[in-house]
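# A closer look at the structure
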Amino acid sequence: MLGGPAQTATPPANAEREVSAPDKELAANFLKRIEDAKKRHEDQFKTFEVNRKLLRGIDAEGKRIPANLYFANLATMRPQVYAKDPEYAVQPNKGVAQAQLKITKQFGATAEAVLSKVLVKDAELKKRAKRLLTAAYVTSVGWWKCCWQEDKTADPLIENQIKDTQDNLKALETLRASISDPEVGRNEDLKIAQLQQMLAGLQTQAEVSVARGLTLDFVMSEDILILDPSVREFGDYLRASAIAHRVWFTREKYKATFGCEAKKAKSYTEKAGLISDGGVGDAKSDLLCVYEVWDQDSNRVFTVCEGEEGFCKEPFSPDWTGKRWYSFFGLAFNEIEGTFYPLSDIELTQPQVTEINQTARDFQQDRKDARPLNVVRKGGTLTDADVQKLRDRNGADIVVVEGVGGQPLSNDIFVGSLAQLKPEVYDTSQARSFMEQIVGGGDANRGSVLKAKTATEAEILNQGLRSRSGERQDAMEDLLTELGVYALQVLLRKLSPQEVKAIAGEDAVWPELTAEEVFEKVTLEVRGGSTGKPNELQEQDRWTKLMPVIEKTMEQVSKLREAGQEPLAQALIELARETLRRFDERIDIEEFLPPASAQGQPDPAKLAQENMMLKQQVQEMTGELQKAESEIEKAYISAATSIATSPNPILGAQAFGIVKHSIETGEPPEPGEPPQFPEPPEPSEEAGIRGESLEPPENNPMEGMPQGLPIPQAPQSAPQQPEIPE
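Residues numbered from 1 in each chain as written. Predicted model: local features only at pLDDT ≥ 70, side-chain atom pairs only at ≥ 80, totals over all residues. Heavy atoms only, no water.

What follows covers the overall build of the protein. In terms of regular secondary structure, the protein is built from 19 helices and 14 strands. Looking at the protein as a whole, 36% of its 726 residues are labelled buried. Considering only intrachain contacts with a sequence separation of at least 6, the fraction spanning at least 24 residues in the protein is 72%. Summed over all atoms, the accessible surface of the protein reaches about 43600 Å², with 51% contributed by carbon and sulfur. (Helix = DSSP H or I, 4+ residues; strand = E, 2+ residues; numbered from the N terminus. Buried < 20%, exposed > 50% of the residue type's maximum accessible area, 1.4 Å probe, protein only. Contact = heavy atoms within 4.5 Å. Areas by Shrake-Rupley, 256 points an atom, 1.4 Å probe, with all protein chains shown as cover.)

Printed below as a string of structure tokens:
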């Protein structure tokens, strides 16, 4: 339930209605269509009342039936179909682009959390569902009405309204008007006291707030009327031109709701759960019949009252409806072609239940008739005092009689029975067998065993019950899916991102798109089997078989992803998913598998391939480096040999040093520039004594060097070994 400030005021309680001629004609037309619809289904509505009495254990004659098997069948069927709240799943469609897949999944998780809170918990879905199933069992159909509540002066008629201060303000205004009304002078002190208490209650609240949220009403089967005679079968109600919803009002509630008196309204009275016509203007009658008509042709909602002219309030168009305009949801199980209302389970089993109960009544009567009979001969040997002693005996009392000595008492007393009970006469196994075939299940499912069965026979009966309840569970899940889609469409229109974050957390994703655009990207459905009664033995057996499959899949997928075989890993995941589907399991296999490589992280397969390529490059570059070093070494040896055999070894060695320095530094001397040699050492006296020349040679220093000396060219930079990632 959500809250907000009050925005509307209650209409004046004593306002006089002014009805225009067009409104009178249109309202009269709707009332005529409503009467025609009631006449079309009048007999069926009478059957509804009879079936409700049978469910309470009262037959058509008003007598209590010995064994209420109608209720027993209902108690067996209902938990099989709906035992727990549904699990809604909002999944991306296959057409969603890869770039939008992550954000779409986040919205799906948010939508699931919002539906679980607003629809399942706040709207009390389980309570409404059990009443719906009971109605479908008894009357053959059940109805829900799902609406958005915000402004009670403009909302549709909602029976299970969310309580807020609007109710207090409306009651307060009504009390004020009744006190100031001179015609209502009685109980003035009582109303003043009530007014004071309401004021005190309102003063304790910090602010006047308006409850906002989804409401889910259960509607009685006869209170929904299809106003389109062309709709011949129940399953086609969505194409009807108009649907009317009947709501009963007291005169006081009518005045508080619509702000005016119902002076011409037709009155009804309720007695023992039945509503009967109380005539016009009958002050003792306190119920008024109001219809809310949803007209699909005009997309307008009209409110009319039997006997009144015009509309109870201004027609309006809800701004929160989903893709389907009607807010009504109908459930039926035993549909028959050619008739609007299906067969109810009570109608199907009535002959068998009647036979069983009649047999029980006959057995009770025959058992009374077969009681022991005592006859005493009148005028016999026993006196009246002896007979009285026999009548008054207790248990093992010893009764002393006078009588005539020597005569056996059997001459005066007869003890016997006029009837004999034969069990085969009261055998109801055939009727029970028929009933089990109709509704499914056996006596074990009803908490008793009338006839011993083998384990195989019991399992066959249980399978029959599960198959029949499975079909009904499927119909119920289809209805819940329709309700979930409708509710999500309404919530997309009415909830803000801030309200959604308050429900689903700060990470919630709520798109700024229309409901139609959102449902082009996602699909909403109820997870199959999530509402039925769990079969623990079957689930344990199924899990024992599936757990080894999941464990093996986890191991294989992990190894394949480590080896870089992601396509093969995905194929294995799809195979496991298909296996789970064959077992009718709702498990998502992705929850148990190691996650694939996230976006932006290195892929193990790609990384291994790059490592291999880098290793090959390193080996090739290392070979080239070794080859270049070998060539340089050979060039050094050749140059040294040439220098050693040259006419001027000293100058050749100097030239060789220059060339070697140029090779090592990678900076050869520029062409045409004479090489610079180091200055020769100062001549010493020792050199002159040896007779060596102290003057430098006048010829070219390079003269005498061997021509065509190969000068090896080293690479500009040695190859660097690339880094290999771990």
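Where nonpolar side chains cluster on the molecular surface, the patch consists of Trp543, Met547, Met554 and Phe592 and spans about 320 Å² of accessible area. Tracing the backbone through its elements, the reader meets methionine 547 in helix H15 (residues 536-562). (Patch = residues over 30% accessible without salt bridge, like charges linked within 9 Å, V, L, I, M, F, W, Y side chains within 5 Å. Salt bridge = Lys/Arg side-chain N within 4 Å of Asp/Glu carboxyl O.)

Moving on, we come to the side chain of aspartate 345. Residue position: aspartate 345 is located in helix H9 (residues 345-369). Among the polar contacts made by the side chain of aspartate 345, one reaches the side chain of arginine 472 at a distance of 2.7 Å. Discounting chain neighbours no more than four positions away, the residues touching aspartate 345 are Tyr137, Asn334 and Arg472. (Polar contact = N/O pair within 3.5 Å; in protein donor to acceptor, adjacent residues only side chain to side chain.)

One finds Trp144 and Met476 to be the most contacted residues of the largest nonpolar core, which totals 101 residues. Each residue touching methionine 476, except ones within four places of it in the same chain, is listed here: Val81, Tyr82, Ala129, Leu132, Leu133, Trp144 and Leu331. Counting 12 residues, the second largest nonpolar core, distinct from the first, contains Leu157, Cys260, Ala265 and Cys312. (Core = buried A, V, L, I, M, F, W, Y, C linked by side-chain atoms within 4.5 Å.)

Moving on to the pairing of strand E9 (residues 287-295). Summarising burial for E9: 9 of the 9 residues are buried, a large majority. Residues Leu287, Cys289, Tyr291, Val293 and Asp295 point to one face of E9 and Leu288, Val290, Glu292 and Trp294 to the other, with burial holding for every one of them. Following E9, the chain reverses through 4 residues before pairing antiparallel with strand E10 (residues 300-305); asparagine 299 in that reversal takes a positive phi of roughly 55°. (Pairing = 2+ DSSP bridges.)

On to the side chain of glutamate 222. Structurally, glutamate 222 can be placed in the loop between strand E4 (209-219) and strand E5 (224-226). Since its relative accessible area comes to 12%, glutamate 222 is described here as buried. Within the structure, the side chain of glutamate 222 is placed 2.9 Å from the side chain of arginine 52, a separation counted as a polar contact. If we skip the residues at most four places from it in the chain, glutamate 222 touches Phe45, Phe48, Glu49, Arg52 and Arg246.

Attention now moves to the pattern of salt bridges. Summed over the entire model, instances satisfying the criterion amount to 25 salt bridges. Residues glutamate 150 and arginine 212 are paired through a salt bridge, measuring 3.3 Å at the closest nitrogen-oxygen approach. One end of the pair, glutamate 150, is in the loop between strand E3 (141-149) and helix H6 (165-180); the other, arginine 212, is in strand E4, with 62 residues separating them in the sequence. With a closest N to O distance of 3.2 Å, glutamate 482 and arginine 324 form a salt bridge. With glutamate 482 in helix H12 (residues 455-494) and arginine 324 in the loop between E10 and strand E11 (328-332), this residue pair connects regions lying 158 residues apart in the sequence. What makes glutamate 482 partly exposed here is its relative accessible area of 36%. By sharing partners, the salt bridges in this structure join Glu150, Arg212, Asp319, Lys494 and Glu499 into a single network.

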